[in-house]
Structures are given as C-alpha cells and as structure tokens.
Amino acid sequence: TTIYGSGMFVAGLTNSRIDKNTIVNNNGIHANGIAVYEYSRDCQVTGDYLVNAQYGLAIQASTNIVVERNLLSTSNSRILVNYGGTGDRTANYTIVRYNTILNSTAHASLFNGANNVGFVAENNVLDGYGADPAAVGYTSNNLFLGLAWTQREPTLGVKEYLYKNGQESFFVDYAKGDYRI
C-alpha cells in the first residue's frame with residue numbers, strides 16, 4: 001500500500017519528546033516517517049525505528065531539535081533531512097547524535113540544507129552526507145559505511161572514519177546487520 005503523507009506529523013510542538021515509535025513502509029509523495037515542522041522547538045526525537053519511508057525524518061522551520069538513538073533505514077536517496085530555507089523557514093540548532101542511519105541509495109543519509117545555523121552531527125553510523133558538512137555545521141566521531149559524491153575521505157570531520165571491507169570487528173554482528181559499534 002502506498003501512503004501519502006507522513007506517518008507522524010507535528011507542528012508547533014514545544015518542550016516535547018517523540019519517543020519509541022515504529023513506522024514502516026510509509027512511501028509515496030511527501031511521505032516522511034516523522035515530520036517535525038512549523039515552529040516546533042525544544043523537542044527530542046529519540047528511540048524511533050523508521051524503516052522504508054520516503055524520508056525517514058524531516059525537520060523544517062523548527063529550532064533546538066535533538067535527534068538521538070534512532071534507527072532510520074530506507075532505500076531512498078536521503079534519510080534524515082534538515083531542510084534549509086530563509087528567514088523563519090530554517091531549521092536551526094539541530095543536533096543529530098547516536099543514530100544509525102543507513103541504506104541511502106546515494107550515500108546521502110544525512111542532508112542539512114543551506115542557511116541552517118548550529119547543526120551538529122556526532123557519534124552516528126551513516127551512509128554519507130548529502131551536502132558538504134563543513135559548509136553547514138559541525139561533525140565529529142561519525143562512522144561512514146559509504147560516502148556521498150560530495151565527500152572525500154581526507155576531508156572527513158574530526159575523528160570520522162570510513163568503514164572498509166574487512167573491518168567487521170567495528171560492529172556487534174555485521175553478518176546479521178547489527179551495525180551498533
């Protein structure tokens with residue numbers, strides 16, 4: 001079944017937590033697993049399992065959103081999207097940490113749009129960035145299973161590493177797809 005629209009859509013949320021949700025097979029036009037939009041602020045997105053959505057998580061026109069300890073996996077090109085914009089349409093001070101974000105078709109698991117301020121991505125397992133992270137925020141301690149066309153291994157952030165075949169000891173159980181470190 002094709003679902004149009006987001007599995008969970010929140011707007012204007014303040015001082016809240018989106019926690020421990022499972023959203024699977026949410027595909028279609030503008031079908032996000034979770035959408036945090038329209039002036040949401042000071043919120044956490046934690047412990048969610050988002051698999052096979054158009055975009056696993058989309059954030060727009062919101063401030064101080066913390067995204068941590070989630071599993072996001074899809075066959076789309078981008079998985080977590082922090083939309084840019086101008087004026088009050090930006091998504092500022094988004095922190096993305098301790099997540100596993102995998103299976104992007106273009107190795108662009110994480111995308112941070114232009115004009116966003118205060119973006120941080122740290123301690124994640126990722127397929128790659130969909131934009132040059134140096135131009136849009138602070139990144140450190142991420143492990144990459146692949147790189148987007150915009151990335152080069154020598155220009156990765158502080159303590160960031162590219163997994164190469166034969167390094168399965170990084171993971172709990174590589175053969176079974178348990179990519180926790």
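Everything numeric here is computed off the predicted structure, so don't read it as measured data.

Regarding the overall build of the protein
Next, step 1: Secondary structure summary: the protein contains one helix and 18 strands in total.
Next, step 2: Looking at the protein as a whole, 47% of its 181 residues qualify as buried.
Next, step 3: Carbon and sulfur atoms provide 51% of the accessible area of the protein, an area that totals close to 8600 Å².

Describing the nonpolar core
Within soluble globular proteins, side chains that are nonpolar tend to cluster in buried spots.
Next, step 1: Counting 26 residues, the largest nonpolar core has Ile34, Val36, Val45, Leu57, Val67, Leu80 and Leu110 as the members making the most contacts within it.
Next, step 2: For this core, the secondary structure elements donating two or more residues are strand S4 (32-37), strand S5 (41-46), strand S7 (55-59), strand S8 (63-68), strand S10 (78-82) and strand S14 (119-122).
Next, step 3: In contact with Val36, other than residues within four places in its own chain, are Val10, Ile18, Val45, Leu57, Ala58, Ile59, Gln60, Ser62 and Ile65.

Comments concerning the sheet that holds strand S2 (residues 17-19)
Next, step 1: The six strands are arranged S2-S5-S8-S11-S14-S16 in an open sheet whose pairing can be described as parallel. Each edge of the open sheet is held by one strand with a lone partner, namely S2 and strand S16 (137-140). When strand polarity is set aside, the average angle formed by the axes of neighbouring strands in this sheet is 10°.
Next, step 2: Across three bridges, S2 lies against S5 in parallel orientation.

Observations regarding a nonpolar patch on the surface
Next, step 1: Taken together, the side chains of Val24, Tyr49 and Leu71 present a nonpolar region at the surface, about 230 Å² in accessible area.
Next, step 2: Residue position: Val24 is located in strand S3 (residues 22-26).

Observations regarding the packing of aromatic side chains
Next, step 1: Using the criterion set out here, one finds one aromatic pair in the structure.
Next, step 2: Taking 5.5 Å as the distance between ring centres and 70° as the angle between the ring planes, the aromatic pair formed by Phe9 and Tyr37 counts as edge-to-face. Note that Phe9 is positioned in strand S1 (residues 8-11) and Tyr37 in strand S4, a separation of 28 residues in sequence.
Next, step 3: According to the relative accessible area criterion, Phe9 is partly exposed, its value standing at 48%.
Next, step 4: The class for Tyr37 is buried, based on a relative accessible area of 6%.

A look at the sheet that holds strand S6 (residues 49-53)
Next, step 1: Judged by pairing direction, the sheet is parallel, and its seven strands sit side by side in the order S3-S6-S9-S12-S15-S17-S18 without closing on themselves. Because the sheet does not close on itself, it has two edges, and the strands there are S3 and strand S18 (161-162).
Next, step 2: Of the strand pairs in this sheet, strand S12 (residues 100-102) and strand S15 (residues 125-126) are connected by two bridges, and their pairing is parallel. Bridged to Ile101 within S15 is Leu126.

Regarding the pattern of salt bridges
Next, step 1: Enumeration over the complete set of coordinates arrives at four salt bridges.
Next, step 2: The salt bridge involving Arg41 is made with Asp42; its shortest N-O contact spans 3.5 Å.
Next, step 3: In this structure Arg41 comes out as partly exposed when scored by relative accessible area, which is 38%.
Next, step 4: Overall, the relative accessible area of 30% leaves Asp42 in the partly exposed class.

Cut-offs applied
Residues numbered from 1 in each chain as written. Predicted model: local features only at pLDDT ≥ 70, side-chain atom pairs only at ≥ 80, totals over all residues. Heavy atoms only, no water. Helix = DSSP H or I, 4+ residues; strand = E, 2+ residues; numbered from the N terminus. Buried < 20%, exposed > 50% of the residue type's maximum accessible area, 1.4 Å probe, protein only. Areas by Shrake-Rupley, 256 points an atom, 1.4 Å probe, with all protein chains shown as cover. Core = buried A, V, L, I, M, F, W, Y, C linked by side-chain atoms within 4.5 Å. Contact = heavy atoms within 4.5 Å. Pairing = 2+ DSSP bridges. Axes fitted to C-alpha atoms, helices over the stretch in contact; angles between N-to-C directions. Patch = residues over 30% accessible without salt bridge, like charges linked within 9 Å, V, L, I, M, F, W, Y side chains within 5 Å. Salt bridge = Lys/Arg side-chain N within 4 Å of Asp/Glu carboxyl O. Phe/Tyr/Trp six-rings, centres within 6.5 Å; stacked < 30°, edge-to-face > 60°.

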